[in-house]
Amino acid sequence: MDPDLPAPPSPSSSPPPPPAPTHQLSIEERAAAGRAKSALRPKQATPRSKLPPLTGAFAIPDPKPEYYEDDGLRKVKPYMYAFHSWAKERWQDRTLMDVYGEFSRLGQILVNQAKSTPDFVLKNGDLISNILHRHEPPVVAGPIKIIYDGRLPGNDGQTFVVEKPGSMPIHSTGRYHFNTLLSILKYDYDLPLVHTSNRLDRLTSGVMVCALTVEKSKNLGAWFGGRMKTGVHKEYVARCLGKFPDGEIVCEEPLLTIDRQLGVNVVHPDGRPSKTIFKRLSYHEGTNTSAIHCQPITGRSHQIRVHLQFLGYPIANDPVYQNQEAWGINGGKGGVFGADRGGTAETRAMRREIGDKMLIEARANGSLQEGQTEVPSSIYNKKGGMKVGFVSRDSVATIVEKAIAEGRDPAQSVLSDEAKGALEKLRVERDREDGWARERDTKGIKMARAKDEAVAQGEVVETEWGKETVVDEDGLGYCEECFTPMMKDPRPEQLFIWLHAMRYRTEEWDWSSEMPYWAQEEWDGK
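Let me begin by describing the structure that accompanies this report. (Residues numbered from 1 in each chain as written. Predicted model: local features only at pLDDT ≥ 70, side-chain atom pairs only at ≥ 80, totals over all residues. Heavy atoms only, no water.)

Let's shift gears to the overall build of the chain. The number of helices and strands found in the chain is eleven helices and 19 strands. The burial tally for the chain puts 47% of its 526 residues in the buried class. Within the chain, residue pairs in contact and separated by at least 24 positions form 66% of the contacts whose partners lie at least 6 positions apart. Here the chain displays about 27,400 Å² of accessible surface, and carbon together with sulfur accounts for 51% of that area. (Helix = DSSP H or I, 4+ residues; strand = E, 2+ residues; numbered from the N terminus. Buried < 20%, exposed > 50% of the residue type's maximum accessible area, 1.4 Å probe, protein only. Contact = heavy atoms within 4.5 Å. Areas by Shrake-Rupley, 256 points an atom, 1.4 Å probe, with all protein chains shown as cover.)

This is how it looks when you write it as structure tokens:
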């Protein structure tokens, strides 16, 4: 820890005897300990104007990325990065151990720019800082394909349309900061400010309609937000497992997010109304996969992926929804909530009747043209739920509150045993794909501290720390800066799924990309 950092303020009154370590306490005991400690601190966090300046390593300037390509991957050279965040209200009266776990024991976290301890009790608005040698995951290498550049002579000066590669998140999120679409556009394409309008998952590729000005951003936001007379017509292509049926297949199952941290969604009677139209384009017998055209009428999270899983034809390389280890031998076909996964026959019939009625009325009053199936936003309330005969119920939290009010067990109301098992296995899968990042970071910090302590005590450290000759139990080297165990690079084709946003169009504009290689009829399965 930097010796220049100010010591934590001491309470005005004598503290009580030290309690047992918080990691050994139950949830109830932790809460009681937090309430007791909160009495020793002001009810509000330290005013921002009175925070001492950061010093030492915590005062490092914002880094700039050093991109390079290696074996089909775009990488960022690891860099030192200081994270600063304000404690959220839900963290109030919780300890650093509760929020940050083992990281709070390693002396890497400041609160209000002063030294902290694992049992430090947070207040809403506390400034939390930690520094890390940041290793970003790689993404698929190659340039960002520009479909329309409004900066070119003769163009509108406001619109910028690109084709996002699969594997790349749009914004900074999780372990990604510079290996994102917006950062790459900023540093490699001299576009410091781009406003995105539509959303695509990290694993999904396709058209991104962006704005170069605030005015255009508001205009595109009105289109994608459903505030225009007609909506945005969307077309996707995907490659699913199995021979998809002939003809037009419609899926109208309601979707519910059951784990926001993992981003897992399922068909559930308490979910939000959703509708997708599918049609097979081709079938490849050698891989037993089908290229299909997908037309989402609503825009729910993971809608196409979950509807295909429900129909029994999941995207063939989807690590979440085409995962038999998590979803069982049926792969989630038919849902994980039994026969009532989409509600009763009566509610299903009502949902179809209302949806059909809305489409007829929309076409009659001119708000929906033939060949366009986007439902106008007027049928939704401010929370995104349908106004006519529906209640907005789009989160597990809402269902928990409802179950408690009705005297039912919330856990049984939200998740079936099958869904619980799937989530547990998907958490393990996520950690495995991320290279057990948290464990690697913790191990690296402990190793660095052990070395520093040994040197401070005059001990001779014979190990050549960080050199390529030093390997961990997996046979890989350690980072020479932070001693984090390294991990093998994935293959580029492991970083994306076969789902591509092909086209977005309105009565004012129409943007599309070429068909991806894996969706073409002549695809050879490689």
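Moving on, there is more to tell.
Ordered in space as β3-β6-β4-β5, the four strands form an open sheet in which the pairing is antiparallel. Across the chains shown, the open sheet's two edge strands, defined by having one partner strand only, are β3 (79-86) and β5 (114-115). Of the strand pairs in this sheet, strand β4 (residues 109-111) and β5 are connected by two bridges, and their pairing is antiparallel. Counterpart to Leu110 in the pairing with β5 is Lys115. (Pairing = 2+ DSSP bridges.)

Let us look at the side chain of His133. Of note, His133 is situated in strand β6 (residues 127-134). Among the polar contacts listed, one links the side chain of His133 to the side chain of His135, at a separation of 3.3 Å. Residues within four places of His133 in sequence aside, it is in contact with Pro78, Tyr79, Met80, Cys479, Glu481 and Cys482. (Polar contact = N/O pair within 3.5 Å; in protein donor to acceptor, adjacent residues only side chain to side chain.)

Next up on the list: the nonpolar core. Among the nonpolar cores identified, the biggest contains 74 residues, and Trp327 and Tyr504 are the most heavily contacted of them. At five residues, strand β11 (residues 205-211) tops the list of elements feeding residues into this core. Core analysis: the second largest hydrophobic core is formed by nine residues, Trp91, Ile109, Phe120 and Ile128 among them. (Core = buried A, V, L, I, M, F, W, Y, C linked by side-chain atoms within 4.5 Å.)

This paragraph deals with the sheet that holds strand β1 (residues 67-70). In spatial order, the strands read β1-β2-β7; together these three strands make up an open sheet with antiparallel pairing. Bordering the open sheet on either side are β1 and β7 (139-140), each of which pairs with just one other strand. Pairing of β1 with strand β2 (residues 73-76), which is carried by four bridges, proceeds in the antiparallel orientation. Paired with Glu69 across the bridge in β2 is Arg74.

For the structure on display, the rule yields 13 aromatic pairs. Ring pairs connect the aromatic residues Tyr79, Tyr81, Phe83, Phe178 and Tyr187, which therefore count as one cluster. One residue, Arg74, lies across the ring of Tyr67, its end atom 5.0 Å from the ring centre. The cationic tip of Lys243 hangs over the ring face of Tyr283; the distance from NZ or CZ to the ring centre is 5.4 Å. (Phe/Tyr/Trp six-rings, centres within 6.5 Å; stacked < 30°, edge-to-face > 60°. Lys NZ or Arg CZ within 6 Å of the ring centre and 35° of its normal.)

Looking only at helix α4 (residues 214-224), the buried set comprises Lys216, Ser217, Leu220, Ala222 and Trp223. The inward-facing, buried residues of α4 contact β9 (159-164), β10 (195-196) and β11. A positive backbone phi angle near 75 degrees is found at Gly226, which sits one or two residues after α4.

On to the pairing of β11, then. With seven of its seven residues buried, β11 lies for the most part within the structure. In terms of strand pairing, β9 meets β11 through six bridges, oriented antiparallel. Residue pairing for β11: Val161 is matched across the bridge by Val209. Where β10 and β11 come together, two bridges link them in antiparallel fashion. In the strand pairing of β11, His195 is matched with Ala211. Both β11 and strand β18 (residues 499-505) contribute to a ladder of two bridges, which runs parallel.

Taken by themselves, the reported measurements are silent on function.
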